[in-house]
Amino acid sequence: MTEPPQRPPQRRGVPVVGMAGGGQLARMTQQAAIGLGVSLRVLTGAADDSAAKVVSGVQVGDDRARDDLTAFAEGCDVVTFDHEHVPGPHIRELEAAGKACRPGSAALAHAQDKLVMRDRLGKLGVPCPAYAHVPPSEPLEFLDGFAREHGWPVVLKATRGGYDGKGVWLVEDLDGAGGDLVRRLLGEGVDLMAEQYVPFRRELAALVARSPYGQGAAYPVVETVQEGGICTEVISPAPGLPGDLAAEAQRLALSIAGELGVVGLLAVELFETDEGLLVNELAMRPHNSGHWTIEGARTSQFEQHLRAVLDLPLGSTEPTARYTVMANVLGGDDPDVYSRYFHVMAHDPGVKVHMYGKEPRPGRKIGHVTALGDDLADVRERARHAADHLRWGPERKESK
């Protein structure tokens, strides 16, 4: 009989978690750190970044620079990340020096490089769209052959560095603009992969957590609504999703987390198709699809991530309401968002507003709102109304 893994001896004193990156994910992790009584430090590019405005332990530096990252890690018991862009070799150096990095470099490589991810998931038998690396030599001939096999349009992706719709292009054909785009990207040194375009019903996300001890926890599967490559709305649980398919998505996400050795949160973005589920992307950190958990689950994704990287027992993922809807607040033409709080809060005292301390710019994510309740249509309308009013005020039409 296999012996269960043994937890390491409990450390004395308050642990220090270092998070590379000072965006809104680190900012919201600070809220959870306060509740747990643990210390959070951030390595951020500027003193006025989102997290730097609320975290006391701030080191200003470049989280992609080896020396800055090494100096930052010296004062931390464990290092984690609010994005996937810290170079793998730097993380491996920290690990070689005995620093706990969670997720580790081996796991994080699958979120940093889409080709690495697809190759590994394929070996594990995980359902994914058909894909192939685009060779720099004779790329148009290669893509023409790929399209003959899998059909037009073809999805082009930068293998590294894309997010929020950036680094993804839909190519209808190779005549004119399509061919010009491919040549331009390769000329700029962008490493490309081609993927089969999937006619999906909708996009889903399965958020799970895993600890070094091997404990796992899964949140309800959610539906994510995308507009212009940006997630605008998250609905928990995904309405009308059959129970067996929801369980399959959770099982798939937990299995991927275990196979890749993920420690912390793993968000698995999925396509729901007529034939079943396909994995689209992976993220190994708190994720936009999990912001609803702050009010909508017994344990927020940010607390869960801290529990996981500190190897604490994971918290309950039980929902606090029948439905929770999160709507992202995007920047509009008028940067004075605070002046619109009065209407939003008076109109619906049950809506929760979360702003990220970021300078509003048109189309930029600057916050989110959350609504909960028993009537899905009502909850969605409430969340949309609040998000739209914070963005535009009363002068613009709300999103449909």
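Residues numbered from 1 in each chain as written. Predicted model: local features only at pLDDT ≥ 70, side-chain atom pairs only at ≥ 80, totals over all residues. Heavy atoms only, no water.

A closer look at the overall build of the protein
Let me state the cut-off plainly: Helix numbers and strand numbers start at the N terminus; a helix is a DSSP run of H or I with at least 4 residues, a strand a run of E with at least 2. We compute the radius of gyration over the C-alpha atoms and compare it with the globule rule, which gives 2.2 Å times the number of residues raised to the power 0.38. To sort residues, take the accessible area from a 1.4 Å probe on protein chains only and compare it with the maximum for the residue type: under 20% means buried, over 50% means exposed, and anything in between is partly exposed. Any pair of residues with heavy atoms lying within 4.5 Å of one another is described as a contacting pair. With residues, only the protein chains shown are counted as cover, and all accessible areas are computed by Shrake-Rupley using a 1.4 Å probe. Lys and Arg are tallied as positive, Asp and Glu as negative. Neither His nor the chain termini are counted. For charged residues, the charge sits on one atom: NZ in Lys, CZ in Arg, CG in Asp, CD in Glu.
A tally of helices and strands in the protein yields 12 helices and 18 strands. Expected size for 400 residues packed as a compact globule is a radius of gyration near 21 Å; at 21 Å, the protein falls within 12% of this value. Expressed as lengths along the three principal axes of its C-alpha atoms, the size of the protein is roughly 60 × 55 × 45 Å. With 400 residues in all, the protein has 54% of them scored as buried. Restricting to contacts in the protein with at least 6 residues of sequence separation, those with at least 24 account for 62%. Accessible area for the protein stands at about 17900 Å²; split by element, carbon and sulfur atoms hold 50% of it. Positive and negative side-chain charges in the protein, numbering 42 and 55 respectively, have mean positions lying 4 Å apart.

Here's the deal with helix H6 (residues 139-150)
To be explicit about the condition: In this analysis, the expected span of each helix is defined as 1.5 Å times one less than the number of residues it contains. Arc definition: it is the arc formed by the directions from the helix axis to the C-beta atoms.
With 12 residues, H6 extends 16 Å from end C-alpha to end C-alpha; this agrees with the ideal 16 Å at 1.5 Å per step. The set of residues buried in H6 consists of Pro139, Leu140, Leu143, Phe146 and Ala147. One side of H6 holds all its buried residues, which, seen down the axis, span an arc of 120°. The exposed residues of H6 that point more than 90 degrees off its buried face are Glu141, Arg148 and Glu149.

Describing the domain arrangement of the protein
Stated precisely, the cut-off is as follows: Residue ranges assigned to the domains are those given by an automatic or database domain assignment. Throughout this description, the term salt bridge denotes a Lys or Arg side-chain nitrogen within 4 Å of a carboxyl oxygen of Asp or Glu.
By domain assignment, the protein separates into domain 1 (16-101), domain 2 (130-196) and domain 3 (202-392). Put simply, the middle of domain 1 and the middle of domain 3, counted by C-alpha atoms, are 22 Å apart. Contacts between the two partners involve 19 residues from domain 1 and, on the opposite side, 17 residues from domain 3. Across the domain 1-domain 3 interface, the total number found is 1 salt bridge. A salt bridge links Arg285 to Glu84; its shortest N-O distance comes to 2.7 Å. Looking at the side of domain 1 that touches domain 3 element by element, the count peaks at 8 residues for helix H1 (residues 24-36).

Brief notes about the packing of helix H3 (residues 88-96) against helix H4 (residues 105-112)
Rules: Axis angles are defined between N-to-C directions and span 0 to 180 degrees, where every axis is a line fitted to C-alpha atoms and, for a helix, only to the segment in contact. Any angle between 65 and 115 degrees counts as roughly perpendicular, while under 35 counts as roughly parallel, over 145 as roughly antiparallel, and the rest as oblique. Two helices crossing with the near one rotated counterclockwise from the far one by less than a right angle form a left-handed crossing, whereas a clockwise rotation gives a right-handed crossing. Note on residue categories: nonpolar means Ala, Val, Leu, Ile, Met, Phe, Trp, Tyr, Cys or Pro, charged means Asp, Glu, Lys or Arg, and polar means any other residue, Gly included.
Where H3 contacts H4, the two axes come as close as 10 Å, and the packing angle between them is 165°. Classed by the angle they form, the pair H3 and H4 counts as roughly antiparallel. The chirality of how H3 crosses H4 is right-handed. On the side of H3, the interface is formed by Gly88, Ile91, Arg92 and Glu95, while H4 contributes Ser105, Leu108 and Gln112. Here the contact of H3 with H4 is composed, by residue class, of 2 nonpolar, 3 polar and 2 charged.

Section: the sheet that holds strand S4 (residues 78-81)
Strand pairs in the sheet, formed through backbone hydrogen bonds, run parallel or antiparallel to each other. Rules: Should DSSP find at least two bridges between two strands, the strands are regarded as paired.
What the 5 strands build is an open sheet, ordered S3-S2-S1-S4-S5; its pairing is parallel. Two strands close off the open sheet at either side, each with one partner strand: strand S3 (57-60) and strand S5 (100-101). Relative to S3, strand S2 (residues 39-44) runs parallel, the two being bridged by 4 bridges. In the strand pairing of S3, Leu43 is matched with Gln59.

Things to note about the pairing of strand S10 (residues 202-210)
In terms of burial, S10 is a largely internal element, 9 of the 9 residues being buried. Alternating positions in S10 separate into two faces, Arg202, Leu204, Ala206, Val208 and Arg210 on one and Glu203, Ala205, Leu207 and Ala209 on the other, with burial throughout. For S10 and strand S14 (residues 264-273), the ladder comprises 9 bridges, and the chain directions are antiparallel. Residue pairing in the sheet places Leu207 in a bridge with Ala267 of S14. When S10 meets strand S12 (residues 222-227), the two strands line up antiparallel, connected through 3 bridges. Looking at the pairing, Leu204 lines up with Glu223 of S12. From the end of S10 to the start of strand S11 (residues 216-218), which pair antiparallel, there are 5 residues, and Gly214 there has a positive phi angle of about 105°.

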